[in-house]
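# Residue-level structural notes
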Amino acid sequence: MSHTISQQLNVRVSNDLVTALEDIARQEHLDRGAVVRRLLIDGVHRWQLERAIVLYREDRLTKERAAEMADVSLYEFIELVRERNIPLHLNVDEALEEVKALIRRYSPPPKVVEATA
C-alpha cells in the first residue's frame, strides 16, 4: 500500500471565491478543503492537457510523449487533437496505416463470385 505524502498549502483568495467554494461544498456535501483539493487537481490536470496539446501542435513533443504528459491514453490524446482540428504528426509507417484504414473503411465490400460447373 502506497502512502501519499502531502503538504499544507496556504493561499489568500477573495471573499467572493470563498463564498463560491462554500456554495460548492454545501451542494456537493463536502468540506471546503475537499472542494479546493478536487478543483486544484482538476485545474492542474486541465493545464497539463492544454500544455501537452500546445507542445504537440508546435511539434515539440511526440503524440506519445504528449499523451503521457497529459496523463491520458494515446487514443484519447489523438481524439482530443482531432477535435481541435490540429493535424496529426505522422511518421511514414503511421501514415501508411492511416491510409490502409481509410481504404478499408471506404472501399466497397468485395463481390462474391459463385463458381459455375
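Up top you'll find the structure we're talking about.
Keep in mind that this is a model prediction, so the values were computed, not measured.

## Quick notes on a nonpolar patch on the surface
On the surface, Leu-9, Val-11, Val-13, Leu-17, Leu-40 and Val-44 cluster together into a nonpolar patch covering about 540 Å² of accessible area. As for its position among the elements, Val-13 is in the segment before α1 (15-28). Judged by relative accessible area, which is 37%, Val-13 ranks as partly exposed.

## A word on the side chain of Lys-63
When you line up the elements, Lys-63 lands in helix α3 (residues 63-70). Lys-63 sits in the buried class, given a relative accessible area of 6%. A polar side-chain atom of Lys-63 sits 3.2 Å from the main-chain carbonyl oxygen of His-89. Non-local contacts of Lys-63, meaning those with residues more than four positions away in its chain, are made with Tyr-56, Leu-74, Phe-77, Ile-78, His-89, Leu-90 and Glu-94.

## Quick word on the packing of aromatic side chains
Tallied over the entire structure, the rule returns one aromatic pair. Ring plane angle 90° and centroid distance 5.5 Å describe the contact between Tyr-56 and Phe-77, whose orientation is recorded as edge-to-face. Here Tyr-56 is found in helix α2 (residues 32-57), whereas its partner Phe-77 is found in helix α4 (residues 74-83), with 21 residues between them in sequence.

## Quick word on α2
Here α2 contains 26 residues, and its C-alpha end-to-end distance of 37 Å stays within 8% of the 38 Å for a straight helix at 1.5 Å per residue. Those residues of α2 lying buried are Ala-34, Val-35, Leu-49, Ala-52, Ile-53, Leu-55 and Tyr-56. On its buried face, α2 sits against α1, α3 and α4. The N-terminus of α2 is capped by Asp-31, whose side-chain oxygen sits 2.9 Å from the backbone nitrogen of Gly-33. Looking one or two residues past α2, Asp-59 carries a phi angle of roughly 60°, positive in sign.

Parameters and conventions
- Residues numbered from 1 in each chain as written.
- Predicted model: local features only at pLDDT ≥ 70, side-chain atom pairs only at ≥ 80, totals over all residues.
- Heavy atoms only, no water.
- Patch = residues over 30% accessible without salt bridge, like charges linked within 9 Å, V, L, I, M, F, W, Y side chains within 5 Å.
- Areas by Shrake-Rupley, 256 points an atom, 1.4 Å probe, with all protein chains shown as cover.
- Salt bridge = Lys/Arg side-chain N within 4 Å of Asp/Glu carboxyl O.
- Helix = DSSP H or I, 4+ residues; strand = E, 2+ residues; numbered from the N terminus.
- Buried < 20%, exposed > 50% of the residue type's maximum accessible area, 1.4 Å probe, protein only.
- Polar contact = N/O pair within 3.5 Å; in protein donor to acceptor, adjacent residues only side chain to side chain.
- Contact = heavy atoms within 4.5 Å.
- Phe/Tyr/Trp six-rings, centres within 6.5 Å; stacked < 30°, edge-to-face > 60°.
- Expected span 1.5 Å × (residues − 1).

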